[in-house]
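# Summary of structural features
Spelled out, the chains give:
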Amino acid sequence: MPEISDLIIERACSGDRKAFEEIYRAHSGMVYNVAFRMTGHLETAGEITQDVFMAVFRKLAQFRGQSKLKTWIYRITVNTALNLRRREAVEKERLRAYAVEKKVLEPQVTPQPGDEPFDRVQELMMFLPPEQRVCMLLRSIEQLGYQEIADILEININTVRTRLKRARESLFAKLRGGTHEL
Amino acid sequence: MNCDQARELILTDAIDAEISMDDKRELLTHLVACESCRLLMDRAEADLMTPFEQAGRLVPPPELWRNIERELDRTALQTDSETGVAGPGFFARLRHLIPQAVRPFALATAVLLIAALFSFYHQEPPMRTAARLSPAASALMLICERDSAFEEALVRNIQFDTPIEKLFF
């Protein structure tokens, strides 16, 4: 991932579209992958990536440079993905309540092969609760250190450690008890 | 080190290469003696590290940037029509226009200017008005505001020559 200089950030702040495109080219892969691993949907990952870069464009003037640009964009990505999941959960619950009230049966949607690249790692990721999933994702796939993860999520480094331990214990239990053999 | 402590280290610091030298030494000593923890270490690396490290990375579709560009154009147009200021915001542009070295002085000047204006407009009303009026007008204003001492002094020095002046004053 190429480093973005302060000059490019200043130029992007003043509305230079080329400079902003440079920021996009440098970080969009990371944003798109994190969004996909958090949600499991390509389409949603695209929407999140778009939302993240619009937020980056709006807030770039507020970026003070105390953290790295990469850490700042990771933080926006994770927060956007988690907020979207929360909104979806609320919407799903509202629809379920409506269906119960109206005695309407919800259609059973099962992921089919070919619908999405629903690989084995992704299946394991989706098995974890969001706060453990995001730690696993940032550590094991994005290869970030504990301190960087703590900075992105704005939590204590020991909380990162605890979430990783719990996530791995859950995955071990699933792998031993289930049909998955990695 | 017992098995619980070893297990905790294996599932976190050890496989993530965040382990301290002291913990590493203790863990290695434990692993030599404990077969189940050794097995856990092997399985943790094989099941919980390798597949995640080798997970494929997706490339964002090219239309994503085009969508963002469209959205940026729309936002710029909206900003134009709402505030008459284009781009990412008035203050962002202003910040870019003023060189970084001059910013503290510009800020200090702005603050001093605002403080001076504020103190001027918070003076006592007669003083403020008198500062802006001619001496004759402020004398008249003071009479109107019933400044009795000044009024008497003024009246004493006025010659009332005509009958109508004598009648009224």
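Residues numbered from 1 in each chain as written. Chains lettered and ligands numbered in written order. Predicted model: local features only at pLDDT ≥ 70, side-chain atom pairs only at ≥ 80, totals over all residues.

## Some points on the overall build of chain A
- Helix and strand counts for chain A stand at eight helices and zero strands.
- In sequence order, the secondary structure elements of chain A are arranged as α-α-α-α-α-α-α-α. (Helix = DSSP H or I, 4+ residues; strand = E, 2+ residues; numbered from the N terminus.)

## Brief notes about helix H2 (residues 21–33) of chain B
- Between its first and last C-alpha atoms H2 of chain B spans 19 Å; for 13 residues at 1.5 Å apiece the expected length is 18 Å, and the two agree.
- By the criterion of burial, H2 of chain B is predominantly exposed, with just one of the 13 residues buried. (Expected span 1.5 Å × (residues − 1). Buried ≥ 20, exposed ≤ 12 C-beta atoms within 10 Å, placed from the backbone.)

## Some remarks on the confidence of the model for chain A
Residues and elements named next belong to chain A.
- With 77% of its residues at a pLDDT of at least 70, chain A reaches an overall mean of 80.
- Within chain A, no element has a lower average pLDDT than helix H4 (residues 69–102), which sits at 74, and none a higher one than helix H7 (residues 146–153), at 93.
- Here residues 103–118 is modelled with pLDDT under 50, and outside its nearest four sequence neighbours on either side it reaches nine contacts, counting other chains as well. (pLDDT = per-residue confidence, 0-100. Contact = placed C-beta atoms within 7 Å.)

## Here's the deal with the interface of chain B and chain A
- Of the residues lining the interface, 31 residues belong to chain B; the matching set on chain A comes to 32 residues.
- Its residues placed into classes, the side of chain B that touches chain A shows 17 nonpolar, five polar and nine charged. (Nonpolar A, V, L, I, M, F, W, Y, C, P; charged D, E, K, R; others polar.)

## As for the confidence of the model for chain B
Residue and element names in this part refer to chain B.
- Of all residues in chain B, 60% attain a pLDDT of 70 or more, and the chain-wide mean is 78.
- Predicted confidence in chain B is weakest over helix H7 (residues 125–132), with a mean pLDDT of 55, and strongest over H2, with 93.
- Across the interface, the model reports ipTM at 0.72; the global pTM reads 0.63.

## A few points about the nonpolar core
- Of all hydrophobic cores here, the largest spans 47 residues; its most connected members are Ala35, Cys135, Leu137 and Ile149 of chain A.
- Residue contributions to this core peak at ten residues, all from helix H2 (residues 17–39) of chain A.
- No fewer than three residues from each of domain 1 (1–113) and domain 2 (119–182) of chain A sit in this core.
- The residues contacting Ile149 of chain A, other than those within four sequence positions of it, are Cys135, Leu138, Arg139, Leu144 and Val160 of chain A.
- In this structure, Ile10, Leu27, Cys37 and Met41 of chain B belong to the second largest nonpolar core, which totals eight residues. (Core = buried A, V, L, I, M, F, W, Y, C linked by C-beta atoms within 7 Å. Domains from an automatic or database assignment.)

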